[in-house]
Amino acid sequence: MKQLLPFCLFFAALAAASASASVLPGLRSHLPAANQPGELVWLDKMINPVPDKCDFSCTNQDLSVCAHNGQCLQLFTSRCTMAAYNCRNPQKRFNIVENYRCTQGHMPLCSTEERKELGITL
């Protein structure tokens, strides 16, 4: 009898979890698993995660671009890296300006502190 108790508790917990659609979405797999934060999810969600829409494959062959966000200028290694930054940070968007502005000191370049605050790791 004591040996059946853990199995009964497991199936009771599984039934309660599957009743809550917000915790366990209806995917193909019927195998529960724990994700990195320890939340209960279906195994399919861990094996086939939703792709990141901002995961750009930027190459080093593009030209650098100077961009402005209303506060400072930032020289991005390419349009692609700037687009990836803007995708991940829509509230802190940069817009392309003429490249000479970053090289001839027309406005202040983003300081190390501003880059850290904006989350830029260039």
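Above this note sits the structure.
Note that this is a predicted model, so its numbers are computed, not measured.

Rules and cut-offs
Residues numbered from 1 in each chain as written. Predicted model: local features only at pLDDT ≥ 70, side-chain atom pairs only at ≥ 80, totals over all residues. Heavy atoms only, no water. Pairing = 2+ DSSP bridges. Helix = DSSP H or I, 4+ residues; strand = E, 2+ residues; numbered from the N terminus. Axes fitted to C-alpha atoms, helices over the stretch in contact; angles between N-to-C directions. Disulfide = S-S within 2.5 Å.

**Some details on the sheet that holds strand S4 (residues 73-76)**
Paired through backbone hydrogen bonds, the strands of a sheet run either parallel or antiparallel to each other. Taken in spatial order, the three strands make up an open sheet running S4-S3-S5, and their pairing is antiparallel. The open sheet terminates on both sides in strands that have one partner only, identified here as S4 and strand S5 (95-97). Within the sheet, the average angular offset between the axes of one strand and its neighbour, ignoring direction, is 45°. Taken together, the three bridges between strand S3 (residues 65-68) and S5 define a ladder with antiparallel strand orientation. Of the residues in S5, the one forming a bridge with Cys66 is Val97.

**What to know about the state of the cysteines**
Under the counting rule described, the total for this entry stands at four disulfides. Here Cys58 is linked by a disulfide to Cys80, with a sulfur-sulfur distance of 2.0 Å. Looking down the S-S bond of the Cys58 and Cys80 bridge, the torsion is -80°, so its handedness is left-handed. Here Cys58 is found in the loop between helix H2 (43-47) and S3, whereas its partner Cys80 is found in helix H3 (residues 79-88), with 22 residues between them in sequence. What pairs with Cys72 in a disulfide is Cys110, and their sulfur atoms sit 2.0 Å apart. Handedness of the Cys72-Cys110 disulfide follows from its S-S torsion of about 80°: it is right-handed. One end of the pair, Cys72, is in the loop between S3 and S4; the other, Cys110, is in the loop between helix H4 (100-103) and helix H5 (112-118), with 38 residues separating them in the sequence.

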